[in-house]
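# A closer look at the structure
In case you want the letters, here they are:
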Amino acid sequence: MSGAPSLIDISGVSQVYAGRDGAPTWALRDITLQIGNSEFVCLIGPSGCGKTTLLHLIAGFLQATRGSVAFQQRPILAPGPERGVVFQEYALFAWMTARQNVEFGLRAKPLSRDERRRQALAALDRVGLLAAADKYPHEMSGGMRQRVAVARALVVEPKVLLMDEPFAAVDAMTRQALQDDLLRLWKETGVSVIFVTHNIDEAVYLAQRVVIMASHPGTIVADRRIDAPYPRDRGSAAFGELYGAISGELSNGTRKAA
Ligand SMILES: Nc1ncnc2c1ncn2[C@@H]1O[C@H](COP(=O)(O)OP(=O)(O)OP(=O)(O)O)[C@@H](O)[C@H]1O
Ligand SMILES: [Mg+2]
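Calculation rules
- Residues numbered from 1 in each chain as written.
- Chains lettered and ligands numbered in written order.
- Predicted model: local features only at pLDDT ≥ 70, side-chain atom pairs only at ≥ 80, totals over all residues.
- Buried ≥ 20, exposed ≤ 12 C-beta atoms within 10 Å, placed from the backbone.
- Helix = DSSP H or I, 4+ residues; strand = E, 2+ residues; numbered from the N terminus.
- Pairing = 2+ DSSP bridges.
- Right-handed = clockwise from strand over helix to strand, strands pointing away.
- Axes fitted to C-alpha atoms, helices over the stretch in contact; angles between N-to-C directions.
- Contact = placed C-beta atoms within 7 Å.
- Near = placed C-beta within 6 Å.
- Nonpolar A, V, L, I, M, F, W, Y, C, P; charged D, E, K, R; others polar.
- Core = buried A, V, L, I, M, F, W, Y, C linked by C-beta atoms within 7 Å.
- Expected span 1.5 Å × (residues − 1).
- Arc of directions from axis to C-beta.

This part covers the pairing of strand β8 (residues 192-197). Among the 6 residues of β8, 6 are classified as buried, and the element is accordingly described as predominantly covered. Where burial is concerned, the two faces of β8 agree: the one with S192, I194 and V196 and the one with V193, F195 and T197 are both buried. As judged from the 5 bridges shared by strand β7 (residues 160-164) and β8, these two strands associate in the parallel manner. Bridge assignment links V160 to a residue of β8, and that residue is S192. The parallel pair β7 and β8, bridged by helix α5 (residues 172-189), forms a crossover whose chirality is right-handed.

Okay, unusual backbone geometry next. Going from H216 to P217, the amide bond is cis rather than trans, its omega being -10 degrees. In this structure, P217 sits in the loop between β9 (209-214) and β10 (219-225). Cis rather than trans, the peptide bond between Y230 and P231 has omega equal to -10 degrees. Mapped onto the elements, P231 comes out in the loop between β10 and α7 (237-257). We note that Q72 has phi near 45 degrees; this positive angle belongs to a residue other than glycine. Among the residues examined, Q72 registers 13 C-beta atoms within 10 Å and is labelled partly exposed. Unlike most non-glycine residues, E157 shows phi in positive territory, near 55 degrees. Tracing the backbone through its elements, the reader meets E157 in the loop between α4 (142-154) and β7. Judged by local crowding, E157 falls into the partly exposed class, with 13 C-beta atoms found within 10 Å.

This next bit is on the sheet that holds β9. On the basis of which strands lie adjacent, the open sheet formed by 6 strands has the order β6-β7-β8-β3-β9-β10 and mixed pairing. The open sheet terminates on both sides in strands that have one partner only, identified here as β6 (83-87) and β10. Put simply, the sheet's adjacent strands are angled 15 degrees from each other on average, direction ignored. Pairing between strand β3 (residues 40-44) and β9: 4 bridges, direction parallel. The residue of β9 that forms the bridge with L43 is V211. Here α4 sits on the sheet in contact with β6 and β7, set at roughly 170 degrees to β6.

Attention now moves to the site of ligand 1. Taken together, Y17, T25, A27, G45, S47, G48, C49, G50, K51, T52 and T53 make up the full set of residues adjacent to ligand 1. Those elements giving two or more residues to the shell around ligand 1 turn out to be β2 (24-35) and α1 (51-59). Split into classes, the residues belonging to the shell around ligand 1 amount to 3 nonpolar, 7 polar and 1 charged.

Attention now goes to the nonpolar core. Core analysis: the largest hydrophobic core is formed by 71 residues, its most contacted members being I44, I58, A151 and I194. Residue contributions to this core peak at 7 residues, all from α4. Residue contacts for I58: discarding those within four places in its chain leaves I8, V69, I76, R83, L162 and I194.

Within the open sheet, the 4 strands sit side by side as β2-β1-β4-β5. Their pairing is antiparallel. Edge strands, defined here as strands with exactly one partner in the open sheet, are β2 and β5 (74-75). Of the strand pairs in this sheet, strand β1 (residues 8-18) and strand β4 (residues 66-71) are connected by 5 bridges, and their pairing is antiparallel. In the sheet register, I8 faces β4, and the bridge partner there is F71.

This next bit is on the environment of M213. For M213, the position within the fold is in strand β9. As a C-alpha pair, M213 and R126 span 87 residues in sequence and 33 Å in three-dimensional space.

Looking now at the environment of V86. Structurally, the position occupied by V86 is in strand β6. Ignoring anything within four residues of it in the chain, the contact list for V86 reads A149, V150, A153, L161, M163 and P166.

What follows concerns α5. For α5, with 18 residues, the first-to-last C-alpha span of 26 Å sits near the 26 Å given by 1.5 Å per residue. Regarding α5, the residues found buried are R175, L178, L182 and W186. The buried residues of α5 occupy an angular sector of 75 degrees when projected down its axis, which confines them to one face. Facing away from the buried side of α5 by over 90 degrees, the exposed positions are M173, K187 and E188.

Next up, the structure:
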């Protein structure tokens, strides 16, 4: 990262959960990772390797058992508007319209009602959903709901977007459209993105950097840069090679863990 200060510094982080039988689970062990400004990073790894735990530490929902997690050189102690979150579940409030859900993202800001509404509608417009502003979640498709969730996270202009398998529940075509939307928003806003996925194709399509994890305990086994220009061609030889390389690193990690 050419000596520029990083946006997020994770240093020597371990996370231990107390199991119900009292035996500790090392969800993460000795993780060190820096994320730069405007960087797009995918975290990929088998179920249980600690991806969600790592996002929760950055979001400030959890405090690390050991080590430090910092945002712009300041320790992360709680959630904050500079860190937007989009998770797969619990995305939207069922009793609020799309506009009200996005306005909820602005609740901590001292804005007039009109200004709140204006910003929410502008955010919906960015994700192509201005016409759906008055719809409730049950009136929208899964893809539309995830777009609203992205609009709600972006409306406060965060410095980083933390995304935990946000497109896992939608069909393949919608997923590709959401990926293209996200790349466009990333370029337009300059936000950093930390994106968790199980899907190698998704990581190779989206990320400038793919961080590959293994489980028991959760560790980083590889950190790979992808310099291919956007939009990426899924049918190209380079895409296939990257896919194969990451797939190999994932199964190496799984073998070592076993
Ligand atoms: N609150 C908790 N209490 C106890 N153990 C937990 C808790 N949360 C997670 N764990 C354990 O920590 C490990 C990492 O969990 P985490 O949810 O971070 O994995 P993940 O990589 O996100 O998995 P997945 O891909 O299935 O979402 C797992 O072994 C899990 O069982
Ligand atoms: Mg998870």
